[in-house]
Amino acid sequence: MALFSRHPRRTCSEHGTAATPEGGSKTPQQLWGDGYGRVGIRAAQTLLILAVSVVTVFALLQVKLLVIPMLIALILAAAISPFVNVLKRRGINDALATVIAFVSLLVVLGGVFTVIYFSVRSQWDDLVQQASSGLDQLQSFLQSGPLHVDEAQIDAARNAIVDFATSSQARSGAITGLSVVTEFLTGAVLLVVILFFFLKDGERIWSFLISPFTGARASRLRRVGTRSQEVLGGYVRGTAIVALVDTVGIGAALLILQVPLALPLAMVVFIGAFIPIVGATMAGILAALVALVANGPVVALIVVAVVVAVNQLEGNLLQPVVMGKSLQLHALVILLALTAGTLLAGIVGAVLAVPITAVAWAIIKVWTTDDGQGAGRDPMVAGTAAK
């Protein structure tokens, strides 16, 4: 009879588990409070953030004629702002300092583009022909040489490179001919106007944008603006210096080796240097292909060695010294940003992707750790203390 004696029913709390209603079903609080529930909430939040991001990017691409000039103007304004501050410290009033810096920047950019245009325009057809011939020779070597690469594989690789370089946007070609010229001129006018107002009223514009915020948030947003300007300005100035060094180094080697079309190749190197990692390398490959056709494989290999040496000098010495903390991004992050920018907005997207990514990372660091000043403390407490 002892086997059939009734024992007091133990409650769920005695077993260390949460009490559940009759029937064993969980309440909504218990359902979303366990491990799976928390994972589900995080997954839903992540999906919502991704959805908002996709919608935002799609909306911005619809007005790219406005967004791209504004981004370029913002980057140029950040790069030239130290010059404006120097003029102001010398006693020049704000309006005159802005005009001097604005005109100086336009003159410099106009001179650079003029040199590039006239250097490349007259010899562009020869450059394309030489590069194409060099690519054909390389393809022939791969097919008949010791590697015995299949022709279909080579064609597939060539098509993949062309597809990546042109991007889906460029292949679609929705706007051609006169519309391209009109869009370019409109974007150039917008760029000049927006750049002038950024130089003249940049601080007031940012102050107006953060005016709804007060206290620690306003203080942190002011630091976000300052840090973003530092990152953009340092990136542009550093990239320009690196591009100049790449151009001089590779261009001098091409002249010494008597490679034809050395000047337009040097200009292509200068332009390509504004696309980190990939740009200078692709320009060097182009120079090697031209050297292969005109001077033979030995000179082409020397050109490749020079390009590799210049890239190593750039990556290990110039960028850390010149850019400092402006570009604290891993090479993989840069490649992913370049790919996404190219797919979304072509060559312009490739140029803008890295500085935008660098600014985004700088903003995240400022917002979460007070950019190193409040590491190990609560971000809001650090922001209040900094204020």
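Residues numbered from 1 in each chain as written. Predicted model: local features only at pLDDT ≥ 70, side-chain atom pairs only at ≥ 80, totals over all residues. Heavy atoms only, no water.

## A few points about the environment of Gln-229
- Along the chain, the position of Gln-229 falls in helix H8 (residues 215-256).
- A relative accessible area of 37% means that Gln-229 is categorised as partly exposed.
- Put simply, Gln-229 and Ala-78 are 151 residues apart on the chain and 5.2 Å apart in space, counted from C-alpha to C-alpha.
- In this view, Gln-229 contacts Ala-78 and Ser-81; residues no more than four positions away in its chain are not counted. (Helix = DSSP H or I, 4+ residues; strand = E, 2+ residues; numbered from the N terminus. Buried < 20%, exposed > 50% of the residue type's maximum accessible area, 1.4 Å probe, protein only. Contact = heavy atoms within 4.5 Å.)

## Re the nonpolar core
- Formed by 18 residues in total, the largest nonpolar core has its most connected members in Ile-250, Leu-254, Val-259, Leu-265, Ala-291 and Val-303.
- Mapped by element, the contributors of at least two residues to this core are H8, helix H9 (262-272), helix H10 (278-295) and helix H11 (297-323).
- With six residues, the top contributor of residues to this core is H10.
- Beyond its immediate chain neighbours, meaning those up to four positions away, Ala-291 contacts Val-259, Gly-296, Val-299, Ala-300 and Val-303.
- Counting residues in each nonpolar core, the second largest holds 17 residues, with Leu-329, Val-354, Ala-358 and Ala-362 among its members. (Core = buried A, V, L, I, M, F, W, Y, C linked by side-chain atoms within 4.5 Å.)

## A closer look at the UniProt feature "transmembrane region" (unreviewed entry) in the protein chain
- Taking the UniProt record as the reference, the feature "transmembrane region" (unreviewed entry) is found at residues 39-61, 67-87, 99-120, 174-199, 232-255, 261-278, 285-310 and 330-363.
- When the span residues 67-87 is considered, its composition is 100% helix and 0% strand, and the gap between its end C-alpha atoms is 30 Å.
- Between the end C-alpha atoms of residues 261-278 there is a gap of 21 Å, over a span that is 67% helix and 0% strand. (UniProt positions renumbered as here; feature names shortened; annotations may be inferred.)

## Some remarks on the packing of helix H3 (residues 64-89) against H8
- Where H3 meets H8, the closest approach of the two axes is 8 Å, and the angle between their N-to-C directions is 85°. Here H8 runs roughly perpendicular to H3, going by the angle between their axes. For the pair H3 and H8, the contacting residues are Leu-74, Ile-75, Ala-78, Ala-79, Ser-81 and Pro-82 in the first and Gln-229, Leu-232, Gly-233, Val-236 and Arg-237 in the second.
- Taken together, the residues of the contact of H3 with H8 sort by class into seven nonpolar, three polar and one charged. (Axes fitted to C-alpha atoms, helices over the stretch in contact; angles between N-to-C directions. Parallel < 35°, antiparallel > 145°, perpendicular 65-115°, else oblique. Nonpolar A, V, L, I, M, F, W, Y, C, P; charged D, E, K, R; others polar.)

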